[in-house]
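Residue strings, one per chain:
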Amino acid sequence: MSVYEEEHEIFRNSFRTFVEKEVSPHIEEWEEKRELPRSLWKKFGEQGYLCTWVDEQYGGSGVGFEYSVIMAKELGKVGAGMGIVTHSDILAPYIANYGTEDQKERWLPGCTSGDIILAIAMTEPNAGSDLQGIRTSAVKDGDDYVVNGQKTFITNGICADLVILASRTEAGISLMGVEDGTPGFVKGRKLEKMGLRHQDTAELFFDNCRVPKANIIGEEGKGFKILMGELQRERIMTTIMTQSMSERMLGDTMEYAKTREAFGRPIGNFQHNAFKIAEMATEVELGRTFLDRLIEEYMEGKDIITRVSMAKWWIAEMTNRIAYNCLQLHGGYGYMEEYPIARFFRDARSQTIPAGTTEIMKLIISRNMG
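Residues numbered from 1 in each chain as written. Predicted model: local features only at pLDDT ≥ 70, side-chain atom pairs only at ≥ 80, totals over all residues. Heavy atoms only, no water.

(A) Fine view of the overall build of the protein chain. Within the protein chain, the regular secondary structure consists of eleven helices and ten strands. Taken over the C-alpha trace, the protein chain has a radius of gyration of 21 Å; the compact-globule value for 370 residues is 21 Å, and the two agree within 12%. When the backbone C-alpha atoms are referred to their principal axes, the protein chain occupies close to 80 × 45 × 40 Å. The 370 residues of the protein chain split such that 53% are buried. For the protein chain, long-range pairs separated by at least 24 residues make up 75% of all intrachain contacts whose partners lie at least 6 apart in sequence. Counting 43 positive and 55 negative side-chain charges, the protein chain places the averaged centre of each group 5 Å from the other. (Helix = DSSP H or I, 4+ residues; strand = E, 2+ residues; numbered from the N terminus. Rg over C-alpha atoms; globule rule 2.2 N^0.38 Å. Buried < 20%, exposed > 50% of the residue type's maximum accessible area, 1.4 Å probe, protein only. Contact = heavy atoms within 4.5 Å. Lys, Arg positive; Asp, Glu negative; His and termini not counted. Charge placed at Lys NZ, Arg CZ, Asp CG, Glu CD.)

Pasting the structure below:
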């Protein structure tokens, strides 16, 4: 991308070294525990890798979006860190863009240091893509809202110190910050998932939970509009990590095909396998080219709702095809946990669901096309 200069490459190399030391060697351990350790968040914060775009007065570095892109790509390549990207580049903007000055001063410094981990509670057992159907309610009572309801599939739900909650108020859907330890706020099960096992995902319960009116993020009743406005960034960040997963899987498989022999020659020499790798390389290149242009357009402030919806569904589905074919080319070894492709295969499956399913993306595209 043309936005990259020498300083960005220096940052990329520094962050890549950090990931190689602090992330890659420990993924298997985190997969077993189903959670990223608090110590990792603190290390990210100490190095200035959390919410890098946040203004310096709140503890950030005030740098451009391209730094967020670099980190998402590097984390995507090792297949870890979705919760960190969610915290830094999907959720913290809600506070920075819509929060009051008091909220920014209370919460953003902790977000940049790793002392406050963010989660967003939108999805409910009976309301996923249909956010208008949420039932969690928040009723005014003096200086508080009394919240009752249940949320599920919440990324960072177990480790969260602050949850951005979407609830139904008298004025409509509203967003509010619910701090860990608030009476009536209960973290439920750490959900057992098919993939992304290193990332905690939880159920959350609100039983007559009293949330101060001062914790409303944005205007009461404007929550749905705010959520829709932030989805472009969420979808582009998710797609960056998904694309990087496909690049990692293809790279690993190419190396494997050059060294693994069958019938006296490397398996990559067989025409069918060579053609399959050529097909995958073409799809990955198409995804990368489209995504890089989309990132540039986003940084230029252009409306990318239709195109980011295209990228979200196509790259996620493409990555699932890459996962299937790469595992197949690994043969029996691909089914063994000692090879990274087994984990990537599981993790890739989820990418067509969060931040808008493939079907929802196609619906948005078709509607925008009239």
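(B) Molecular detail of the layout of surface pockets. Space inside the largest pocket adds up to approximately 1,400 Å³. Broken down by secondary-structure element, the contributors of at least two residues to the lining of the largest pocket are helix H5 (82–98), strand E1 (118–121), strand E3 (144–155), helix H7 (223–259), helix H10 (340–349) and helix H11 (358–368). Per-element tally for the lining of the largest pocket: the top contributor is H7, with six residues. Of the residues contributing to the lining of the largest pocket, the split by class is 23 nonpolar, 15 polar and nine charged. Taken as a whole, the second largest pocket spans an internal volume of roughly 330 Å³. Taken together, 15 residues make up the lining of the second largest pocket; nearest its centre are Ile-27, Glu-28, Glu-31, Glu-337 and Arg-343. (1 Å grid on protein atoms, 1.4 Å probe; cavity = no way out; pocket = protein on both sides within 12 Å on 5 of 7 lines; lining within 4 Å. Points joined across faces, edges and corners; volume = space filled by probe spheres on them. Nonpolar A, V, L, I, M, F, W, Y, C, P; charged D, E, K, R; others polar.)

(C) Focus on the packing of helix H9 (residues 305–330) against H11. Where H9 contacts H11, the two axes come as close as 9 Å, and the packing angle between them is 150°. Seen along the crossing, H9 lies across H11 with a hand that is left-handed. Along its contact with H9, which presents Ile-305, Thr-306, Ser-309, Met-310, Lys-312, Trp-313 and Glu-317, the element H11 presents Thr-358, Met-361, Lys-362, Ile-364, Ile-365 and Asn-368. (Axes fitted to C-alpha atoms, helices over the stretch in contact; angles between N-to-C directions. Left-handed = near helix turned anticlockwise from the far one by under 90°.)

(D) View of the pairing of E3. As paired elements, strand E2 (residues 137–141) and E3 share five bridges and run antiparallel to each other. The residue bridging Ala-138 from the neighbouring strand is Val-147, located in E3. In sequence, E2 turns back onto E3 through a hairpin of two residues, with Gly-142 there showing a positive phi of about 70°. Where E3 meets strand E7 (residues 201–212), nine bridges bridge the pair, whose relative direction is antiparallel. Counterpart to Gly-149 in the pairing with E7 is Phe-206. (Pairing = 2+ DSSP bridges.)

(E) Spatial organisation of the side chain of Asp-292. Of note, Asp-292 is situated in helix H8 (residues 271–299). At 3.5 Å, the side chain of Asp-292 forms a polar contact with the side chain of Lys-73. (Polar contact = N/O pair within 3.5 Å; in protein donor to acceptor, adjacent residues only side chain to side chain.)

(F) How the structure looks around unusual backbone geometry. Its identity is not glycine, yet Arg-34 carries a phi of approximately 60°, on the positive side. Owing to a relative accessible area of 18%, Arg-34 belongs among the buried residues under this scheme. Non-glycine residue Ala-355 carries a positive phi angle of around 65°. Relative to the helices and strands, Ala-355 is located in the loop between H10 and H11.

(G) Representation of the environment of Thr-112 in the model. Along the polypeptide, Thr-112 turns up in helix H6 (residues 101–113). Residues Thr-112 and Val-54, spaced 58 residues apart in sequence, show a C-alpha to C-alpha distance of 7.9 Å. Among all residues touching Thr-112, those that are not within four sequence positions of it are Gly-45, Leu-50, Cys-51, Val-54, Tyr-58, Gly-59 and Gly-60. A distance of 2.8 Å separates a polar atom in the side chain of Thr-112 from the backbone oxygen of Pro-109.

(H) Representation of the nonpolar core in the model. Core analysis: the largest hydrophobic core is formed by 85 residues, its most contacted members being Phe-15, Val-23, Phe-44 and Ile-236. Judged by nonpolar contacts, the second largest core, of 17 residues, contains Tyr-145, Met-176, Leu-204 and Ile-216. (Core = buried A, V, L, I, M, F, W, Y, C linked by side-chain atoms within 4.5 Å.)

(I) A look at the pattern of salt bridges. As enumerated under the stated definition, the model contains 33 salt bridges in all. A salt bridge links Glu-74 to Arg-16, with the shortest nitrogen-to-oxygen separation between them at 2.9 Å. One end of the pair, Glu-74, is in helix H4 (residues 65–78); the other, Arg-16, is in helix H1 (residues 6–22), with 58 residues separating them in the sequence. Overall, Glu-74 belongs to the buried group, its relative accessible area being 5%. Taking the shortest distance from any N to any O, the salt bridge between Asp-144 and Arg-210 comes out at 3.1 Å. With Asp-144 in strand E3 and Arg-210 in strand E7, the pair connects residues that are 66 residues apart, well separated along the chain. Put simply, Arg-293, Glu-296, Glu-297, Glu-300, Lys-302 and Arg-307 are held in one network by salt bridges that share partners. (Salt bridge = Lys/Arg side-chain N within 4 Å of Asp/Glu carboxyl O.)

(J) Seen up close, empty space enclosed by the protein. This model, assessed by the stated rule, comprises two cavities of 30 Å³ or more. A volume near 70 Å³ is recorded for the largest cavity. Gly-79, Ala-80, Gly-81, Met-82, Leu-196, His-198, Met-241, Met-245, Asp-347 and Gln-351 are the residues that line the largest cavity. Of the residues assigned to the lining of the largest cavity, the class counts are five nonpolar, four polar and one charged. Estimated volume of the second largest cavity: approximately 40 Å³. Lining the second largest cavity, in full, are Phe-44, Tyr-49, Met-71, Leu-75, Ile-84, Val-85, Ser-88 and Asp-89. Among the elements that line the lining of the second largest cavity, the one with the most residues is H5, at four residues. Of the residues belonging to the lining of the second largest cavity, the class tally is six nonpolar, one polar and one charged.

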